[in-house]
Amino acid sequence: MVSLQLDNVGAAYGRKAIVSGVSVPAIGAGAVVAVIGPNAAGKSTLFKRIAGLVKGPGAVRVSGSGKGRNAIGYMPQDSAANAVLSVYESLLLARKQGSSWSVADDDLVYIDGVLHALNIAELSFLDLGVLSGGQRQLVSMAQALVREPDILLMDEPTSALDLHRQVEVLEFVRRQARERGMIVMIALHDLNQALRFADTVLLIDQGAMRACGAPSAVITATMLRQIYRVEARIEKCSRNLDHVIVDTAAA
Ligand SMILES: Nc1ncnc2c1ncn2[C@@H]1O[C@H](COP(=O)(O)OP(=O)(O)OP(=O)(O)O)[C@@H](O)[C@H]1O
């Protein structure tokens, strides 16, 4: 079973340190961790550091994965459209990247499964360049999922999706985490999604970790005032789930 631990992790672009001192005790297989924080807090940079795309101090420790360099999958915030490929071709390419180029029936079945689970099978033979923003985001998610990573980093994966799609994909991703023992780290601005879907919330502000724990312990009115600068309440919805209600910007 895979596990992920962050020991005093930092990240820098060139000599400019952006993130420092992020330590998270071992995250176990099947867990969903929401990474929250204001704009420019360093969430994307932390993801890039964990994915090995930027350098920095500290250690990202992955254990229990037999996939080597393919253990970690990364879905970036913005994915550039490449008009030369169809959606299906891009998924095939994503699935075979880093392995042998021969395509087996299993590969095709797996890709079909992801296309149907994300409800985008009808896009299969469209060029990437003609997709809407939301469709592009779903395809980018599919590209990450078909690689079957043990750890999946998703950077604001629902920011371009309508309400139905948001719930549908977050439920699917959490199901995948539970069934496949995958660890999912997901950067979110919608704190209600973090409350609803995450097991753990990691709060980043100004490049530093401010809290890491159960969603309702991290997302509090005090935190929202101090870090997000809003006056807000956490109330129970009719399903008895915690819900953030923002009243006004804090003075
Ligand atoms: N390639 C880069 N070179 C230098 N600085 C960068 C680079 N990319 C991002 N930064 C800076 O790093 C800081 C953190 O950016 P990052 O994208 O990690 O924040 P974020 O928390 O993901 O923000 P958002 O919620 O707005 O997407 C910002 O000040 C940004 O300007």
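Going by an unreviewed UniProt entry, the protein carries the name ABC transporter ATP-binding protein and comes from Devosia algicola. On record in UniProt, under Sequence similarities (unreviewed entry), the comment for the protein is "Belongs to the ABC transporter superfamily."

J.: An account of the overall build of the protein is needed here, citing residue identities and associated values.
T.: Within the protein one finds 8 helices and 11 strands. Taking 2.2 N^0.38 as the reference for a compact globule, 251 residues should give roughly 18 Å; the C-alpha atoms of the protein span a radius of gyration of 18 Å, in line with that estimate. Along the longest, intermediate and shortest principal axes, the C-alpha atoms of the protein span 55 × 40 × 35 Å. Evaluated residue by residue, the protein yields a buried proportion of 37% over its 251 residues. Taking all contacts inside the protein whose residues are at least 6 apart in sequence as the whole, residues at least 24 apart take part in 65%.

J.: Explain the nonpolar core to me, and be specific about the residues and the numbers.
T.: Core analysis: the biggest nonpolar cluster contains 66 residues, and Val35, Ala142, Ile183, Val184 and Ala194 have the highest contact counts within it. A total of 6 residues in this core trace back to one element, the largest contributor, which is helix 4 (residues 133-145).

J.: Before we move on, can you summarise the site of the ligand with the specific residues and values?
T.: The environment of the ligand is formed by Tyr13, Lys16, Ile18, Gly37, Asn39, Ala40, Ala41, Gly42, Lys43, Ser44 and Thr45. Every element with two or more residues in the shell around the ligand is listed here: strand 2 (16-28) and helix 1 (43-50). A per-element tally of the shell around the ligand places helix 1 first, with 3 residues. Here the shell around the ligand is composed, by residue class, of 4 nonpolar, 5 polar and 2 charged.

J.: Tell me about the environment of Ser79, and name the residues and values.
T.: Position of Ser79 among the secondary structure elements: in the loop between strand 5 (72-75) and helix 2 (87-96). Separated by 91 residues in the primary sequence, Ser79 and Leu170 place their C-alpha atoms 19 Å from one another. Excluding residues that lie within four positions of it along the chain, Ser79 makes contacts with Arg136 and Ser140.

J.: Give me the environment of Tyr88: which residues, what numbers.
T.: Topologically, Tyr88 is positioned in helix 2. Sequence separation between Tyr88 and Ile111 is 23 residues; the distance between their C-alpha atoms is 8.2 Å. In contact with Tyr88, other than residues within four places in its own chain, are Ser124 and Phe125.

Basis of the calculations
Residues numbered from 1 in each chain as written. Predicted model: local features only at pLDDT ≥ 70, side-chain atom pairs only at ≥ 80, totals over all residues. UniProt positions renumbered as here; feature names shortened; annotations may be inferred. Helix = DSSP H or I, 4+ residues; strand = E, 2+ residues; numbered from the N terminus. Rg over C-alpha atoms; globule rule 2.2 N^0.38 Å. Buried ≥ 20, exposed ≤ 12 C-beta atoms within 10 Å, placed from the backbone. Contact = placed C-beta atoms within 7 Å. Core = buried A, V, L, I, M, F, W, Y, C linked by C-beta atoms within 7 Å. Near = placed C-beta within 6 Å. Nonpolar A, V, L, I, M, F, W, Y, C, P; charged D, E, K, R; others polar.

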